[in-house]
Amino acid sequence: MNPNPNPFQLVLDALLNEKKEFSPKFLHHFSDMGALELKTLGDIWSRVSVKRKLNVLEQLEALAEENTLVSFDDFAKSILNDEDASVRGRALRLLRESDDTRLIPQYIDLLKSDADAQTRAEAAANLGMFVALGELEEIPPAIKQQVEDELLSAANGNDDGRVRRRALEALGFSSRPEVMALIESSFKREDPAWQTSALFAMGRSADNRWNEDVIASLANVNRNVRESAVEAAGQLGIKETLPILLKLVEEEEDDDVTGAIIWSLSQIGGEDARAFIENLLDQTDDENEDQIEFLEEALENLAFTDELDKFDLFNIEPDLVEFDGEEEDEEEDS
């Protein structure tokens, strides 16, 4: 027996050994995988049970959320054609933050042709990254237009509602007039699922035309609509919602919505939001480490928000003063 086996061989053996749980210590081997590792993994991947695959992918997704230094993109790309739809969907979720434009054709193919509706929905969601990059002019306009056209086709088509709604959400970053009309018509539906997605898209739009719709939805009886409205209020920085959110957070019974309210308060900023979050932190039991970490991150984000607000004021006010002075000088000269 080899006393010093190849570390990656241990990972492969663990994947195939269904008698033992897959150890978290092996997860880092999936980050930034080289060509040889990808090939050897590909050679045995079909022999790994679906249950084991999904378990590993779930652990990788959780690790990626905790640790920004790991990247499972290469691994996820290698399994996008897995025979199991759930595995393909999980792989797409691992790639949600990837800005690799080479993925666009594969995403579009999955969106249009995959047999599984949830996989098509995940592909639509991933395309939202490239709509955002296009708005920032970080990818060629032609690529942005192609992605938007495919998403508009999906959102306006006859596919499963999940696919159409994810396409709508992905388009939220877009400034195209057709998207504005799509968001408006979706919001006016009496279907909470569509209203939720419309509010999600509003939050991504950076467009304050939606402020009244967002404010009106903050007290919606449907928790999904309510949560999406809360998130949109924060993303759009709607300062008028601050007293509403501070009241809602005291009455909200759903923990996820409460968390969304706290984070939105950190995005809106201000002394009232700071005082509230600091008070919550003071009242949190020391043993509740996750809540403490979340509240501390919210305070850090609030500090960032307030600094941005100050920066905007410093940039705008001097220009206005200088402009007014020039106007006065011109009047005096005349």
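No experiment lies behind these values; they were computed from the predicted model shown.

**So, the packing of helix H1 (residues 7-16) against helix H2 (residues 35-45)**
Then, number 1: Contact geometry for H1 and H2: axes closest at 11 Å, N-to-C directions at 20°. One finds that H1 runs roughly parallel with respect to H2. For H1 against H2, the interelement crossing comes out right-handed. Here Phe8, Leu12, Leu15 and Leu16 of H1 come into contact with H2, specifically with Glu37, Thr40, Leu41 and Ile44.
Then, number 2: When the residues that make up the contact of H1 with H2 are grouped by side-chain class, the tally is six nonpolar, one polar and one charged.

**A short note on the nonpolar core**
Then, number 1: The biggest cluster of nonpolar side chains holds 93 residues, and the ones touching the most others in it are Phe30, Leu41 and Leu151.
Then, number 2: Here the element with the most residues in this core is helix H7 (residues 117-135); it accounts for nine residues.

**Observations regarding the packing of helix H9 (residues 161-170) against helix H11 (residues 192-205)**
Then, number 1: Packing of H9 against H11 brings their axes to within 8 Å, and their N-to-C directions diverge by 20°. By the criterion of interaxial angle, the relationship of H9 to H11 is roughly parallel. Regarding H9 and H11, the two cross each other, and that crossing is right-handed. Within the contact between the two elements, H9 uses Arg164, Arg165, Arg166, Leu168, Glu169 and Ala170 and H11 uses Ala193, Trp194, Ser197, Ala198, Phe200, Ala201 and Arg204.
Then, number 2: Looking at the contact of H9 with H11 residue by residue, the class counts come to seven nonpolar, one polar and five charged.

**Brief notes about the packing of aromatic side chains**
Then, number 1: By the definition in use, this model includes six aromatic pairs.
Then, number 2: Seen from their ring centres, Tyr107 and Phe130 are 6.3 Å apart, and the 50° between their planes marks the pair as tilted. Of this pair, Tyr107 sits in helix H6 (residues 104-113) while Phe130 sits in helix H7; the two residues are 23 residues apart in sequence, bridging distant segments of the chain. Like Phe130, Tyr107 is buried.
Then, number 3: Every member of this aromatic cluster is reached through a ring pair, and the members are Phe22, Phe26, Phe30, Trp45 and Phe75.
Then, number 4: Cation over ring: Arg189 sits above Trp194, and NZ or CZ is 4.1 Å from the ring centre.

**Regarding H2**
Then, number 1: Buried within H2 are the following residues: Leu41, Ile44 and Trp45. Within H2, the buried residues cover an arc of 110° as seen down the axis, which keeps them to one side. Projecting away from the buried face of H2 at angles above 90 degrees are the exposed residues Ala35, Leu36 and Lys39.
Then, number 2: Where the residues of H2 are buried, they touch H1, helix H3 (50-66), helix H4 (73-78) and helix H5 (85-94).

Rules and cut-offs
- Residues numbered from 1 in each chain as written.
- Predicted model: local features only at pLDDT ≥ 70, side-chain atom pairs only at ≥ 80, totals over all residues.
- Heavy atoms only, no water.
- Axes fitted to C-alpha atoms, helices over the stretch in contact; angles between N-to-C directions.
- Helix = DSSP H or I, 4+ residues; strand = E, 2+ residues; numbered from the N terminus.
- Parallel < 35°, antiparallel > 145°, perpendicular 65-115°, else oblique.
- Left-handed = near helix turned anticlockwise from the far one by under 90°.
- Contact = heavy atoms within 4.5 Å.
- Nonpolar A, V, L, I, M, F, W, Y, C, P; charged D, E, K, R; others polar.
- Core = buried A, V, L, I, M, F, W, Y, C linked by side-chain atoms within 4.5 Å.
- Buried < 20%, exposed > 50% of the residue type's maximum accessible area, 1.4 Å probe, protein only.
- Phe/Tyr/Trp six-rings, centres within 6.5 Å; stacked < 30°, edge-to-face > 60°.
- Lys NZ or Arg CZ within 6 Å of the ring centre and 35° of its normal.
- Arc of directions from axis to C-beta.

What is shown is where atoms sit, not what they do.
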